[in-house]
Amino acid sequence: MTRLLAWAALLFGLLYFFLPLAGMTEFSMKMRRGVYSFDAYRAVLGDAKFQETFGYSVAMAFATIVFGVLLVVPTAYWVRLKLPRARPYIEFITLLPLVIPAIVIVFGYIRLYNTSSWLPLTGSITGTNFLLMMGYATLALPYMYRSVDTGLRTIDVATLTEAAQSLGAGWVTILARLILPNVLVAVLSGAFLTFAIVIGEFTMAALLDRPAFGPYMQLLGANRAYEPPALAVIAFVITWGCMGLIQLVTRFSKHERAKA
Amino acid sequence: MTTSASAPPAPEAAKPSPARRGLPLSWLGLLPFTLFAVLFLILPTMKIVFGAFQTPDGSFTLQNIRDLNTESILISYWTSIKLSLITALLGCVIGFAMAAGMVLGGLPRAIRGPLLTFSGVASNFAGVPLAFAFIATLGPAGLITIYLRTEFGINLRAYGFNLLSFWGLVATYLFFQIPLMILIITPALDGLKREWREAAQVLGASVGQYWRMVALPILFPSLLGTFALLFANAFGAVATAYALTGPQLNIVPIKLFAQIRGDVLGNPHLGYALAFGMIVITGIANFLYIWLRARSERWLK
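Residues numbered from 1 in each chain as written. Chains lettered and ligands numbered in written order. Predicted model: local features only at pLDDT ≥ 70, side-chain atom pairs only at ≥ 80, totals over all residues.

## Details of the overall build of chain A
Heads up, the condition is: Strands here mean DSSP runs of E at least two residues long; helices mean DSSP runs of H or I at least four residues long; both are numbered from the N terminus. Working definition of a contact: two residues with C-beta atoms, positioned from the backbone, lying within 7 Å.
Tallying secondary structure elements over chain A gives 12 helices and zero strands in all. Starting at the N terminus and ending at the C terminus, chain A contains elements arranged as α-α-α-α-α-α-α-α-α-α-α-α. Over its C-alpha atoms, taken along the principal directions, chain A stretches across nearly 75 × 65 × 35 Å. Of all intrachain contacts in chain A linking residues separated by at least 6 positions in sequence, the fraction that spans at least 24 positions is 74%.

This is the structure we're talking about:
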């Protein structure tokens with residue numbers, strides 16, 4: 001009886017998740033009348049706008065990841081090493097982006113950093129790009145911090161630091177050559193998740209008026225029939241790839257540890 | 001939370017000289033993070049909160065909050081709350097059923113890994129592409145719509161189903177709500193000890209009694225907490241709804257989106273008030289989540 005219900009729940013769920021994926025895949029291949037073809041994908045991938053916006057979002061994702069790592073790893077390390085009593089406060093701040101909707105944060109940016117303010121970031125393209133990157137960094141902060149902090153838990157930060165210091169290492173050396181390699185799996189997990197979040201993000205990019213992949217998808221969705229599901233398939237594959245890579249690095253590290 | 005409140009005064013009083021010497025320097029290490037958090041998280045939010053209580057010339061007022069009391073805005077809040085409540089509830093129930101089936105229901109262990117991985121993917125597959133997937137499936141020319149019409153002669157539209165409506169949005173949101181529930185509740189279900197069930201059975205409890213009197217009370221804070229998280233998750237979502245229905249659907253995030261783009265309410269400070277209302281609602285939901293989670297983790301040690 002229990003087993004029957006369990007199977008029923010599972011089957012319902014699988015059907016519910018499988019059908020939209022099947023639907024979008026099927027629809028994306030129907031561009032040519034009567035036969036299945038990859039015309040929609042060809043049209044999308046050949047579109048100069050696609051290449052431009054996708055390239056922009058990939059670049060933003062990498063910038064966000066680099067910034068996030070440089071911000072989170074030293075902070076989480078420092079808190080573990082020197083300021084354990086600050087931990088609840090830092091953790092609380094890192095969870096704030098889950099409380100404050102992204103649209104509210106970006107609304108604040110637009111009003112706080114407009115052209116007539118003390119820091120007119122939205123006045124220039126570079127400034128707006130920077131602001132968008134900061135926005136993405138806040139979106140990724142809860143996941144990045146949690147991931148790195150969990151990674152740091154598995155190593156003995158204090159002993160490693162003392163050992164490195166007694167061998168004459170400075171802070172930069174300690175962070176770059178000792179801490180980072182030790183939490184690399186956690187950092188990579190956070191990085192792939194950041195990539196998955198940033199690549200298709202719509203709200204912030206649209207409101208800051210930057211040519212990102214999310215707003216491009218939305219625009220295409222409003223004007224075309226067969227290209228949008230093709231984009232959805234591409235986006236799904238990217239998300240799947242990111243999650244797969246997280247699994248892969250985690251498994252790889254377990255393997256490494258088991259050998260050692 | 002309790003430890004954090006009592007911790008800060010301690011170092012000045014208790015710690016000997018080395019800590020005292022290192023104190024200002026060690027706090028300096030948090031400077032980059034603090035700067036980032038203040039400039040790009042706290043100040044922007046404060047700007048909205050204060051803006052909600054200001055007139056255009058900067059003096060204090062409650063008029064903006066009072067101005068929220070129009071029919072259109074109240075309906076948009078109510079629709080948003082209803083949408084978030086329903087998707088959170090259905091997400092919890094279905095996700096719980098799937099997770100419980102996987103952990104306790106005797107399903108083969110081999111499905112556990114793939115299901116959790118897939119949940120990770122699906123809970124992140126939100127936004128614009130998700131809307132496309134549902135349009136291609138349940139939209140006017142979608143896979144299921146066409147299939148039902150040609151094979152069974154069932155016209156979904158004639159039954160009143162329209163993807164670009166409230167219930168269409170519910171169906172779409174569930175695609176990321178259910179997996180999120182599975183991801184969060186699985187560790188809690190893993191934490192249910194076999195001994196508790198055996199002890200209950202030894203004392204003569206039926207399966208129903210075990211669930212009603214042992215398992216559910218233990219899981220209750222996790223369940224309610226996840227419910228709050230799913231609620232906030234749906235409440236703040238913009239992209240999916242916008243890509244699905246465009247700017248016309250009357251829910252708060254869409255209204256705010258239109259307001260930021262083009263001041264459709266005709267009063268910039270009413271926009272602040274609208275956003276402030278969102279912070280209050282998701283804030284309450286998340287506060288419940290954090291509080292209940294702290295309570296539930298006491299049981300699952």
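Let's pick the thread back up.
## What to know about the overall build of chain B
Note the threshold: What the globule rule says is 2.2 Å times the number of residues to the power 0.38, and the radius of gyration is computed from C-alpha atoms. Residue burial here comes from a neighbour count, namely the number of other C-beta atoms, placed from the backbone, that lie within 10 Å of the residue's own C-beta, with 20 or more meaning buried, 12 or fewer meaning exposed, and in between meaning partly exposed.
A count of helices and strands for chain B gives 15 helices and zero strands. Over its C-alpha trace chain B gives a radius of gyration of 24 Å, far above what one expects of a compact globule, namely 19 Å for 301 residues. Counting only C-alpha atoms and orienting by the principal axes, one finds that chain B spans roughly 80 × 65 × 30 Å. Expressed as a percentage of its 301 residues, the buried residues of chain B come to 41%. Taking the intrachain contacts of chain B between residues at least 6 apart in sequence as the baseline, contacts between residues at least 24 apart amount to 75%.

## So, the domain arrangement of chain B
All names here are of chain B. Here is the rule: How far each domain reaches was decided by an automatic or database domain assignment. Residues were grouped as follows: Ala, Val, Leu, Ile, Met, Phe, Trp, Tyr, Cys and Pro as nonpolar; Asp, Glu, Lys and Arg as charged; and all remaining residues, including Gly, as polar.
Domain annotation of chain B identifies domain 1 (1–51) and domain 2 (70–299). Facing the five residues of domain 1 at the interface are six residues of domain 2. In the side of domain 1 that touches domain 2, the residues fall into three nonpolar, two polar and no charged.

## Describing the interface of chain B and chain A
Each side of the interface is counted separately: chain B has 64 residues, and chain A has 65 residues. For the side of chain B that touches chain A, the element with the most residues is helix α4 (residues 31–51) of chain B, which contributes 12 residues. Its residues placed into classes, the side of chain B that touches chain A shows 42 nonpolar, 20 polar and two charged.

## Thoughts on the confidence of the model for chain B
All names here are of chain B. Counted only if it meets this: pLDDT is defined as a per-residue confidence score from the predictor, taking values between 0 and 100.
The predicted model of chain B has a mean per-residue pLDDT of 83, with 90% of residues at 70 or higher. Highest mean pLDDT in chain B belongs to α4 (93); lowest belongs to helix α1 (residues 2–6) (40). Contacts from residues 1–20, a stretch scored under 50 in pLDDT, to residues over four places away or in other chains number nine contacts. Reported for the predicted complex are a pTM of 0.87 and an ipTM of 0.89.

## Points about the packing of helix α3 (residues 48–81) of chain A against helix α7 (residues 157–166) of chain A
Residues and elements named next belong to chain A. Heads up, the condition is: Every angle, taken between N-to-C directions, lies between 0 and 180 degrees, and every axis is a line fitted to C-alpha atoms, over only the stretch in contact when it is a helix. Every angle not falling under 35 degrees, over 145, or within 65 to 115 is termed oblique; those three ranges are roughly parallel, roughly antiparallel and roughly perpendicular.
The contact between α3 and α7 brings their axes to 9 Å, and the two run at 100 degrees. Regarding the angle of α3 to α7, the classification is roughly perpendicular. For the pair α3 and α7, contact is made by Tyr77, Arg80 and Leu81 and by Val157, Ala158 and Thr161, respectively. Grouping the constituent residues of the contact of α3 with α7 by class yields four nonpolar, one polar and one charged.

## Digging into helix α10 (residues 166–190) of chain B
Definition in use: Every helix has an expected span of 1.5 Å times one less than the residues it contains. One fitted axis covers the seven residues ending at a residue, a second covers the seven starting there, and the bend at that residue is the angle between these axes.
Over its 25 residues, α10 of chain B extends 35 Å from the first C-alpha to the last, a length consistent with the 36 Å expected when each residue adds 1.5 Å. The largest bend along α10 of chain B reaches roughly 40 degrees and is located at leucine 174 of chain B.

## Quick notes on unusual backbone geometry
Even without being a glycine, aspartate 209 of chain A presents a positive backbone phi close to 60 degrees. By the C-beta count within 10 Å, which is 13 here, aspartate 209 of chain A ends up partly exposed.

## Considerations on the environment of leucine 74 of chain B
Residues and elements named next belong to chain B. Inspection of the secondary structure assignment puts leucine 74 in helix α6 (residues 71–103). Leucine 74 gets classed as exposed once you count the C-beta atoms within 10 Å, which come to 11. Along the chain, leucine 74 and phenylalanine 287 lie 213 residues apart, while their C-alpha atoms are 23 Å from each other.

## Quick look at the packing of helix α7 (residues 112–124) of chain B against α10 of chain B
All names here are of chain B. To keep things clear, this is the line we draw: Crossing chirality is assigned from the near helix's rotation relative to the far helix, an anticlockwise turn below a right angle marking it left-handed and a clockwise turn marking it right-handed.
Relative to each other, α7 and α10 sit at 135 degrees, their axes nearing to 8 Å. On the basis of their axis angle, the class for α7 and α10 is oblique. Note that α7 runs across α10; the crossing there is left-handed. Contacts between α7 and α10 involve Leu116, Ser119, Gly120, Ala122 and Ser123 from the first element and Phe175, Phe176, Pro179, Leu180, Ile182, Leu183 and Thr186 from the second. By residue class, the composition of the contact of α7 with α10 is eight nonpolar, four polar and no charged.

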